[in-house]
Amino acid sequence: MPEAKYHKIWIPLPDVYDWGGVKAFYELERDEPGQRNLVLVVRSYLAELKRNARADPLNKGMEAVGFLDKKLTGFTANGDLAVLPHMEGLDIGLFTGPRGVEEDDLVSLEKKVNRSLRRDPIFMTGDRTISALLKSRGIKVEAPHWMGGERVVEKGIIIGNNDLLQDLMRGGGSLDLEKAKEYIDFELGPHQGQFIRFLGPNPVYAKVTGDLVFAEKPFSGQSALNSKVIDVRNPRIEVIKREKLHIGRHYLPDGRVLGIKPLDWEQYLALQEGLLTPKVSSMALVGKAGSGKTLLAYAAGIDLVLDYDEENRVKRGLPRDLPGGFFDQMVIFKSTNLVGGEERDLGFLPGGLSEKLGPHLASYEDCHAETVLDRHLTFEDLFCHPHYPTRDYSQRRPELKNLVISGARLPSDRAVIKLVHTAHTRGRSVRRTLIIADEVQNLKPNEVRTITTRLGPESKIVFLGDTRQIDNPSCSHDINGLTYAIQRSLGRPYFRLVKLDKCYRNQVAEDAESW
């Protein structure tokens, strides 16, 4: 085979197909006229993809296997390599190689491909352990950046220029989206739900928005949480006026949510334009340790579950005659990866789920202490059911029945918070629930997909994480559940992304970030 036939020869490892399915082939196509890439699929990987798919029905490996099976129909392969012309800039080759993905297997595979095609192949994997091993042996390896990429977290708030700001102000604070595109790099946006920051002594912020069209008339107060968005009309950019925090016409006391106020513009956007907005049914809140992401999500989440009085329910856009908040309950999903990469198997730990995951909830207990809730009830009180004890918690204390906090009561028929481990999500569906998925950068893409597909009617999911704090060896800064969720959600009218850049811890802690 001529040496120069292919621009690049790729060997994606099974995890790439598990996460990306058929998309892997299309992303690796060469788009230069007259040039082609070759994707080599090791035959032994097909059996592994099938096993992985049987273990996890949401795994996309079977999608890739089914695609290849169709390509192979009526095709007879001879020798170690069978090349299937696929598209203008890509061929797919089935290659007979070592069975495993251990270091020696991959080194042997690299040598065999080199001998057969007289080119060095490029391995592709999101597993940073395998990637490090290959690089240590001088073998080319890249991450599937099209699965996310660390820089995707920067796309929630982009920088606007003075020309765009002037046009925006001439339009009274609003500008047609098509006109705005003349000023913004296509690679960055603009897309629905995105924010634009205009730098200067007094920064100005704007948002990409539009008039949502629903498949059916939404229930009062539930909008996008209860009905599918089928179109966005009159897409535009609007200047954001920083007002007192509010939900509908209900302005929160002192501009605080359960005593928590935004300390900067990004925190304000996270609360007012995301966490406290019913039409936003999916949100990613990204930030370094000490940026306040967990505190904001916790305070806003509890507030949306509390049962406000009739007057304020109406102001919030909720039905007058139906008690309760926007959600029946808040569910916290938590991974069990410890600092350093160790993952604790809950099945072998003593006690119930609360005892097993208790140490992982310390950050939420700290957040609870920051809110006005801590003056009246303990963190554990929020897990207690009002009518009966559960396996992990006692019955709610009777004296809390008539407790009023900032004009709201605890739900009368259920606990405020429910704790769930990511391993216990298969087959479940949640309704009228706010899900906080924490430390999502330590979850694999298929795990995040499993959690997200549990979302039922009138529910909302908030992804929290920081791509700089990777403790799961199966994830990398570029390829992890957080970047995957963001990449798949950007541009959806129901999605918001905010990155919190400021650290509000001690200066020593902030400086330690760069050690």
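Note that the coordinates shown come from a computational prediction; the quantities given were computed from them, not determined experimentally. (Residues numbered from 1 in each chain as written. Predicted model: local features only at pLDDT ≥ 70, side-chain atom pairs only at ≥ 80, totals over all residues. Heavy atoms only, no water.)

Student: Could you give an account of the packing of helix H10 (residues 293–305) against helix H13 (residues 362–370), naming the residues involved and the relevant values?
Tutor: Orientation of H10 relative to H13, taken along the N-to-C sense of each, is 65°, at an axis distance of 9 Å. For the element pair H10 / H13, the angle class is roughly perpendicular. Every pair of crossing elements has a handedness; the one defined by H10 and H13 is right-handed. From H10, Thr294, Leu295 and Tyr298 reach across to H13, where they touch Ser363, Tyr364, Cys367, His368 and Glu370. Its residues assigned to classes, the contact of H10 with H13 comprises four nonpolar, three polar and one charged. (Axes fitted to C-alpha atoms, helices over the stretch in contact; angles between N-to-C directions. Helix = DSSP H or I, 4+ residues; strand = E, 2+ residues; numbered from the N terminus. Parallel < 35°, antiparallel > 145°, perpendicular 65-115°, else oblique. Left-handed = near helix turned anticlockwise from the far one by under 90°. Contact = heavy atoms within 4.5 Å. Nonpolar A, V, L, I, M, F, W, Y, C, P; charged D, E, K, R; others polar.)

Student: I'd like a description of unusual backbone geometry, backed by residues and values.
Tutor: Positioned with a positive phi, Leu258 is a non-glycine residue whose angle comes to about 50°. Mapped onto the secondary structure, Leu258 falls in the loop between strand S13 (250–251) and helix H9 (265–275). Its identity is not glycine, yet Glu458 carries a phi of approximately 55°, on the positive side. Residue position: Glu458 is located in the loop between helix H14 (445–452) and strand S20 (460–465).

Student: Describe in detail the sheet that holds strand S7 (residues 157–160), supporting the description with residues and values.
Tutor: If you walk across this open sheet you meet the five strands as S7-S9-S10-S11-S8, and the pairing is mixed. Either end of the sheet is taken by a strand with one partner, and the two such strands are S7 and strand S8 (174–176). Neighbouring strand axes in the sheet, compared pairwise and without regard to direction, differ in orientation by 35° on average. By the bridge criterion, eight bridges tie strand S10 (residues 204–214) to strand S11 (residues 229–239) in an arrangement that is antiparallel. Looking at the pairing, Val208 lines up with Ile237 of S11. (Pairing = 2+ DSSP bridges.)

Student: Could you give me a rundown of a negative patch on the surface, with the residues and numbers involved?
Tutor: Together, Glu365, Asp366, Glu370 and Glu380 make up a region of like negative charge exposed at the surface. Within the fold, Glu370 resides in helix H13. The exposed category is assigned to Glu370, whose relative accessible area is 54%. (Patch = residues over 30% accessible without salt bridge, like charges linked within 9 Å, V, L, I, M, F, W, Y side chains within 5 Å. Areas by Shrake-Rupley, 256 points an atom, 1.4 Å probe, with all protein chains shown as cover. Salt bridge = Lys/Arg side-chain N within 4 Å of Asp/Glu carboxyl O. Lys, Arg positive; Asp, Glu negative; His and termini not counted. Charge placed at Lys NZ, Arg CZ, Asp CG, Glu CD. Buried < 20%, exposed > 50% of the residue type's maximum accessible area, 1.4 Å probe, protein only.)

Student: Break down the nonpolar core for me, citing the residues and quoting the values.
Tutor: Ranked by internal contacts, the top residues of the largest apolar core, which has 61 residues, are Leu285, Tyr298, Ile302, Met330, Leu382, Ile417 and Val498. Among the elements that make up this core, the one with the highest residue count is H10 (nine residues). Once residues within four sequence positions are removed from consideration, Ile417 is found in contact with Tyr298, Ile302, Gln329, Met330, Ile332, Phe379, Leu382 and Phe383. Formed by 28 residues, the second largest nonpolar core is a distinct cluster that contains Val22, Val65, Leu68 and Ala143. (Core = buried A, V, L, I, M, F, W, Y, C linked by side-chain atoms within 4.5 Å.)

Student: Go over the packing of H9 against H10 with me, naming the residues and quoting the values.
Tutor: Between H9 and H10, the shortest axis-to-axis distance is 11 Å and the interhelical angle comes to 30°. Judged by the inter-axis angle, H9 sits roughly parallel to H10. Here H9 runs over H10; the crossing is right-handed. Each of Gln267, Ala270, Leu271 and Leu275 in H9 lies in contact with H10, whose residues at this interface are Leu296, Ala297, Ala300 and Leu304.

The analysis is restricted to geometry; functional conclusions fall outside its scope.
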